[in-house]
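Chain residues, written in single-letter form:
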Amino acid sequence: MFKLSTISLLLVSWSCLVAVCQAKSYSLPDLTTDYDNAIPAEEEEAAQDPFASCEIYCEGNLLHTIQTAVPKLFADSKTFVDMKLNNSPDKTLADFNAMMEAKNQTPSSEDLKKFVDEYFSAPGTELEAWTPSDWKENPSFLDLISDPDLKQWGVELNSIWKDLGRKMKDEVSKNPEYYSIIPVPNPVIVPGGRFIEFYYWDSYWIIRGLLYSQMYDTARGMIENFLSIVNRFGFIPNGGRVYYHGRSQPPLLTGMVKSYVDFTNNDKFAIDALDTLEHEFEYFVNNHNVTVKNHILCVYRDSSSGPRPESYREDVETGEEFPTDEARELHYSELKAGAESGMDFSSRWFISPTGTNEGNRTALSTTSIVPVDLNALLYWNAKLIAEFHSKAGNTKKVTEYETKAEKILLGIQEVLWNEEAGVWLDYDMINQKPRDYYTPTNLSPLWVKAFNISESEKISASVMAYIERNKLDSYPGGVPNTLSYTGEQWDAPNVWAPMQYILVEGLNNLNTPEAKNMSLKWATRWVKTNFAAFSKDRHMYEKYNADEFGVGGGGGEYEVQTGFGWSNGVIIEWLSKHGREISTGGSGGGGAAGTRVMGVVVVAAVALVAVIVGRFLW
């Protein structure tokens, strides 16, 4: 035996350098141009009609004909509606109608392909890669991570923000009618994969990750984009495309502002945003309300007609199972309401003829289910708006929004809290009964503190019993989104970063020893399973598999996506909060990364020995 301490140190250093330099294989194109932070002020506003291109991308015969072509023109329906027009909408429609007339309204798939090739450009041409000017190579959260493998992972996650940065070309704001994308004044961090534009609720966790990465300007710019959209459109669509014009997503804008203020102490930013935040709150309350047991609560709901443009063919195919146009239209509405919830799709929204959660997408009844999470979020919105008004000294407004919050909280307590289950449950308005099926949102009031804090001990006991009864702590890859294996992406075995976040932060808010211990246990497990998957595949996934440690998820309407904005954001936050406590050592930890690092060390050792021997022989 001989001592290798000096050589081992050299090899470890060498292995770290190699790991940092390893090429990454993200789904987004490798574009590296650097750009300034903002579009010039005079180009910030879109054209008079914010949805001028909707006649192409949202509904109509052109959309229907292209998306239902046989054989199909695109493997993913989203591809077509993300393409840029080469001519004005009016000319495109006129020439399309002329082509249809020339072909006796029965064009071949090849005819339609020729038309698309001539009148549309590839998706993504409206965007440029953008390196955030406030990106930091060594943000302070890295200093909070003790484990060297996790710290190196944090470095790589922080670097991914540069891969996901996008800026709209100036042409978009000058001629928005040529695009399906919604113009915004500032660059964005996109989720990744097929999601090349910004998305509403994704951005909450992206922004939290940016704030922990000390990218305050980028985070603020994204929030300002959303404020701009509310001011222009009256609400925030599901994502940054005009074809999402009839639906939103869980209302998290006010929470984004709260996060920014907490990190920067910039109270003025929140005060200046108050009118816009109130407007979004009132939009949800006025357009999504139902009356249940004499309480006004809200449901997810869409206001457009027809299939989802981005999943047009899929919706038409499921719609064929309905006997009338009216029934099909109702089905399309339920699909889009499910998409507004963010959980598209899940047995959470199925109501069978016997009132269970069995079935498939034809059983979607989203608009008839009062969801725990939406109402908890609206309570949180009202509380935060009251808080911001308090900072501004607006006492009447404080009272107004505290009163609104109290009314929502009373409805949550009397309609959605279920004493027998020991948690909150969605409510089925068709069968007038609670839906006793596990989903993480059953605990969402804990995250936003939509419960009586004085009852924390009692609630903690009932929640811990619920976790035990449903065996939620038994899954190696995280807590699944439901316990039903339907093949839908928001059902078992898939597990999602935002849902893990709601569970972990909610349990922590109970502030009892048993709840806090479970919170840390689940946060640790989530960090380790994400780390294991990244170590093997070099990817952060949109969703993961609860049944297997360190494996990406599956199911749903498209392949599992990589990137990935909200997954990165949650991990960066938990590395910041728990990085001194989590280690890759031990069972269920970072064996994959340890193997990778040791593999690099072994290769480096062999190479070094070869060099020494070679020189000696020479």
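Residues numbered from 1 in each chain as written. Predicted model: local features only at pLDDT ≥ 70, side-chain atom pairs only at ≥ 80, totals over all residues. Heavy atoms only, no water.

K.L.:
Account for the sheet that holds strand β3 (residues 127–129), with residues named and values stated.
P.N.:
Pairing between the strands of a sheet is mediated by backbone hydrogen bonds and can be parallel or antiparallel. Across the sheet, 3 strands lie side by side as β3-β4-β5; this open sheet has antiparallel pairing. At either end of the open sheet lies a strand with only one pairing partner, and these are β3 and β5 (188–189). (Pairing = 2+ DSSP bridges. Helix = DSSP H or I, 4+ residues; strand = E, 2+ residues; numbered from the N terminus.)

K.L.:
Break down the state of the cysteines for me, citing the residues and quoting the values.
P.N.:
According to the stated counting rule, one finds 1 disulfide in the structure shown. With a sulfur-sulfur separation of 1.9 Å, Cys-54 is cross-linked through a disulfide to Cys-58. Note on the Cys-54 and Cys-58 pair: the S-S dihedral is about -85 degrees, so by sign convention the disulfide is left-handed. Neither Cys-54 nor Cys-58 differs from the other in exposure class; each is buried. (Disulfide = S-S within 2.5 Å. Buried < 20%, exposed > 50% of the residue type's maximum accessible area, 1.4 Å probe, protein only.)

K.L.:
Mind laying out helix α7 (residues 148–163), listing which residues take part and the relevant values?
P.N.:
Three- or four-residue spacings in an α-helix give side chains the same orientation, since the helix completes a turn every 3.6 residues. In this model, α7 (16 residues) spans 23 Å end to end at C-alpha, consistent with the 22 Å of a helix rising 1.5 Å per residue. Three or more residues of α7 are buried, namely Leu-150, Gln-152, Trp-153, Gly-154, Glu-156, Leu-157, Asn-158, Ser-159, Ile-160 and Trp-161. (Expected span 1.5 Å × (residues − 1).)

K.L.:
If you had to explain the side chain of Thr-318 to someone new, which residues and values would you point to?
P.N.:
Examined against the element boundaries, Thr-318 turns out to sit in helix α14 (residues 312–319). Once you skip the residues sitting within four places of it in the chain, Thr-318 turns out to touch His-331, Leu-335 and Thr-362. (Contact = heavy atoms within 4.5 Å.)

K.L.:
Got a sec to walk through the pattern of salt bridges? Specific residues and values, please.
P.N.:
Applying the stated criterion to the full structure yields 35 salt bridges. Asp-117 is the salt-bridge partner of Lys-113, the closest N and O atoms lying 2.9 Å from each other. Taken together, the residues Lys-113 and Asp-117, both in helix α6 (residues 109–119) and 4 residues apart, mark about one turn of the helix. A salt bridge links Arg-348 to Asp-373; its shortest N-O distance comes to 2.6 Å. On the criterion of sequence distance, the pair formed by Arg-348 in the loop between α15 (325–340) and β8 (369–370) and Asp-373 in helix α16 (residues 372–392) is long-range, its members being 25 residues apart. For the residue pair Arg-348 and Asp-373, the accessibility class agrees, reading buried in each case. (Salt bridge = Lys/Arg side-chain N within 4 Å of Asp/Glu carboxyl O.)

K.L.:
An account of the nonpolar core is needed here, citing residue identities and associated values.
P.N.:
Counting 174 residues, the largest nonpolar core has Phe-80, Phe-120, Trp-153, Leu-253 and Trp-447 as its most contacted members. Counting residues per element, this core draws most heavily on α16, at 12 residues. The residues contacting Trp-153, other than those within four sequence positions of it, are Val-527, Asn-530, Phe-531, Phe-534, Met-540, Ile-571 and Leu-575. (Core = buried A, V, L, I, M, F, W, Y, C linked by side-chain atoms within 4.5 Å.)

K.L.:
Talk me through the packing of aromatic side chains; I want residue IDs and the actual numbers.
P.N.:
Under the defined criterion, the tally for this structure stands at 38 aromatic pairs. Residues Phe-195 and Phe-564 carry aromatic rings whose centres are separated by 6.3 Å and whose planes lie at 80 degrees to one another, so their mutual orientation is edge-to-face. Taken as a pair, Phe-195 in the loop between β5 and α9 (200–212) and Phe-564 in the loop between β14 (543–545) and α22 (565–578) lie far apart in primary sequence, 369 residues in all. Accessibility classification places Phe-195 together with Phe-564 in one group, the buried group. Judged by centre distance (5.6 Å) and plane angle (70 degrees), the rings of Phe-281 and Tyr-401 are edge-to-face. Of this pair, Phe-281 sits in helix α13 (residues 274–287) while Tyr-401 sits in helix α17 (residues 395–416), and the two are 120 residues apart along the sequence. (Phe/Tyr/Trp six-rings, centres within 6.5 Å; stacked < 30°, edge-to-face > 60°.)

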